[in-house]
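# Analysis of the macromolecular model
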Amino acid sequence: MAVMGLPDILQKPAPKTLTSTISSNTEPQQTKVNAMKKWILPVWFCCLPLLGLQAQGSFKTTSGAYVKANGNACIILKDAHWNNSGAFAAGASAIEFTGTSSAGSELAGAAADAFNNLVVNRSGGAVVQQKDVIINGNLTFTSGSLDLNGYHIALGQPGGLLVSEGENNRIFTSSDGEIQLTAALNAPNQVNPGNLGIVITSTANLGATAIRRGHQAFTGPCNASIKRYFAVQPTNNSGLNATLRFYYFDAELNGVTEANLSLFRSDDGGATWVSAGFNAKNTTENWVEITGVASFSLWTLADANWQYATFYADADGDTYGDPAVTTQACTAPPGYVADNTDCDDNDPLEYPGQNWYFDADGDTYGAPAVTTQACTAPSGYVADKTTSDEHA
């Protein structure tokens, strides 16, 4: 029996494709739900093969409209856009973007959408955000990518999770934007909140911890970072003695040589960066790890020479630098070295660990069998070791 007020296509038990007939407005290739109308997607729209509500063009609601997905409804948008300016009650539903068009699909509209499950399953063109969204269930990547495009995804906790993200099926951004969550981390043991790709271990109780993942590269004076960063802000952010493992994709390396990756942290929102180094890394599994983290902040990966380094003058050419004469540069300028332990930069024979030889007869030739090590020559010792008779 037909249900009064519902379009005919929503009354059939196994709809296949929804095009432009769900509205009195017959705009080509647009599925439109007008204001002040309430469409209920029945329970029988379930995520089974070949079943579900399928749209081509746009699934569009205007301000004041209400769309409710009952049960585990599945709305499949094949080469179509989600454009919601009304109210959407997600329930336990899934919104799945499919298709092959290089134009991709958009997540758009004036309303702030809160989805249950969102599935990216496109073999052509990305899903492009045009607004902030909340996902309380899974964001699953079957095929294709999602472009944040300057907007944000909030993963509701507990429950919000990235699933099956990979090299070719992942979140990226053509501008800025972040995926964010807040999770309770109390004595976490190798916890990867929301499967975002940052693994935290600590015996301390961090409390409610806000984590943001973005995909902009930071530019240093020498080169750029990779296209991934994490901002971690726990309620308790001191004395953590934590271990942080930072995962990345090869596609995010941004020209940085993978073998040279090192961790950097910023405590001022990315204005300045300090090298944190690393304790372990795995270029096959794509992670870099650091232990003994006392507090969290903003983190990224970059070449170990990403920031200016201090170099020291080596006037005497002994490869040991003068700690009093410095310069800042990406690599050592001519006449400068990374070492700063020279004891006399005017004498190439005086440097840390130099071997000195006993010169008993004062002829400036030392005995090779009687030696000592020092930065400068001790009394009675010389750098030469060629005497054949120290008593002659």
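## Thoughts on the overall build of the chain
Scanning the chain from terminus to terminus reveals zero helices and 33 strands. A buried classification covers 45% of the 392 residues belonging to the chain. Long-range contacts, defined here as pairs at least 24 residues apart, represent 51% of the contacts in the chain between residues at least 6 apart. Summed over all atoms, the accessible surface of the chain reaches about 17,700 Å², with 51% contributed by carbon and sulfur.

## Digging into the side chain of Thr 209
Along the chain, Thr 209 falls in strand 20 (residues 205-214). Taking the relative accessible area as the measure of exposure, Thr 209 reaches 0% and is therefore buried. At 2.9 Å, the side chain of Thr 209 and the backbone oxygen of Gly 207 are in polar contact. If sequence neighbours within four positions are ignored, Thr 209 has contacts with Leu 181, Thr 182, Ala 183, Leu 185, Val 232, Gln 233 and Pro 234.

## Quick word on the sheet that holds strand 32 (residues 367-374)
Pairing is antiparallel across the open sheet formed by three strands, whose spatial order is 32-31-33. The outermost strands of the open sheet, each flanked by one partner alone, are strand 32 and strand 33 (381-382). The pairing of strand 31 (residues 354-358) with strand 33 spans two bridges and is classified as antiparallel. If you follow Phe 358 over to strand 33, its bridge partner there is Tyr 381.

## Concerning the packing of aromatic side chains
Tallied over the entire structure, the rule returns eleven aromatic pairs. Aromatic side chains Phe 59 and Trp 82 sit 5.1 Å apart centroid to centroid with 10° between the ring planes, which places their arrangement in the stacked category. Separated by 23 residues along the polypeptide, Phe 59 in strand 3 (residues 53-61) and Trp 82 in strand 5 (residues 74-84) bring together distant segments of the chain. Each member of the pair Phe 59 and Trp 82 is classed as buried. Of the aromatic side chains, those joined through ring pairs into one cluster are Phe 218, Tyr 229, Phe 264, Trp 273 and Trp 306.

## Some remarks on the state of the cysteines
Counted under the stated rule, the structure contains one disulfide. Each sulfur of the disulfide joining Cys 343 and Cys 375 lies 1.8 Å from the other. Sign of the S-S torsion, about -105° for the bond between Cys 343 and Cys 375, identifies this disulfide as left-handed. Highlighted residues: Cys 343 in the loop between strand 30 (336-337) and strand 31 and Cys 375 in the loop between strand 32 and strand 33, separated in sequence by 32 residues. Under the relative-accessibility criterion, Cys 343 is labelled partly exposed at 35%.

## Quick notes on the sheet that holds strand 22 (residues 242-247)
If you trace the four strands from one edge of the open sheet to the other, you get 19-22-26-25, paired in antiparallel fashion. Whereas interior strands pair on both sides, the edge strands pair on one side only; in this sheet they are strand 19 (198-201) and strand 25 (280-282). Each adjacent strand pair in this sheet contributes to an overall mean axis angle of 15°, direction not counted. With four bridges joining them, strand 19 and strand 22 adopt antiparallel strand pairing. Across the sheet, the residue bridging to Val 199 is Arg 245, located in strand 22.

## Some details on the pattern of salt bridges
A complete count under the given rule lists seven salt bridges for this structure. Here Lys 131 makes a salt bridge to Asp 113, at a shortest N to O gap of 2.5 Å. Placement of Lys 131 in the loop between strand 11 (127-129) and strand 12 (133-135) and of Asp 113 in strand 9 (residues 113-115) is noted, with a sequence separation of 18 residues between them. A relative accessible area of 3% means that Asp 113 is categorised as buried. With a shortest N-O distance of 2.7 Å, Arg 213 and Glu 165 are connected by a salt bridge. Residue Arg 213 is located in strand 20, and its partner Glu 165 is located in the loop between strand 16 (161-163) and strand 17 (171-172); the two are separated by 48 residues in the primary sequence. Each member of the pair, Arg 213 as well as Glu 165, is classed as buried.

## Considering the nonpolar core
Ranked by internal contacts, the top residues of the largest apolar core, which has 55 residues, are Trp 82, Phe 88, Ile 95, Leu 139 and Phe 296. With residues near it in sequence (within four places) discarded, Phe 88 still touches Val 67, Ala 69, Ile 75, Trp 82, Ser 93, Ile 95, Asp 113, Ala 114 and Phe 115.

## Side note on the confidence of the model for the chain
In this model, the chain carries a mean pLDDT of 84, and residues with pLDDT of at least 70 account for 84%. Across residues 1-55 the pLDDT falls below 50, and counting only partners more than four positions away or on other chains, this stretch makes 126 contacts in the model.

## A word on the pairing of strand 18 (residues 178-186)
The sheet contact formed by strand 15 (residues 152-155) and strand 18 spans three bridges and is parallel. Across the sheet, residue Ala 154 finds its bridge partner in strand 18, namely Gln 180. Relative to strand 20, strand 18 runs antiparallel, the two sharing nine bridges. By the bridge assignment, Leu 185 is partnered in strand 20 with Gly 207.

## Here's the deal with the side chain of Ser 105
The topology assignment puts Ser 105 in strand 8 (residues 105-108). On the basis of relative accessibility, which here comes to 1%, the residue Ser 105 falls in the buried class. Of note is the side chain of Ser 105, whose polar atom sits 3.2 Å from the side chain of Arg 122. Setting aside chain neighbours within four positions, we find Ser 105 in contact with Asp 79, Ala 80, His 81, Phe 97, Arg 122, Ala 126, Val 127 and Val 128.

About the thresholds
Residues numbered from 1 in each chain as written. Predicted model: local features only at pLDDT ≥ 70, side-chain atom pairs only at ≥ 80, totals over all residues. Heavy atoms only, no water. Helix = DSSP H or I, 4+ residues; strand = E, 2+ residues; numbered from the N terminus. Buried < 20%, exposed > 50% of the residue type's maximum accessible area, 1.4 Å probe, protein only. Contact = heavy atoms within 4.5 Å. Areas by Shrake-Rupley, 256 points an atom, 1.4 Å probe, with all protein chains shown as cover. Polar contact = N/O pair within 3.5 Å; in protein donor to acceptor, adjacent residues only side chain to side chain. Pairing = 2+ DSSP bridges. Phe/Tyr/Trp six-rings, centres within 6.5 Å; stacked < 30°, edge-to-face > 60°. Disulfide = S-S within 2.5 Å. Axes fitted to C-alpha atoms, helices over the stretch in contact; angles between N-to-C directions. Salt bridge = Lys/Arg side-chain N within 4 Å of Asp/Glu carboxyl O. Core = buried A, V, L, I, M, F, W, Y, C linked by side-chain atoms within 4.5 Å. pLDDT = per-residue confidence, 0-100.

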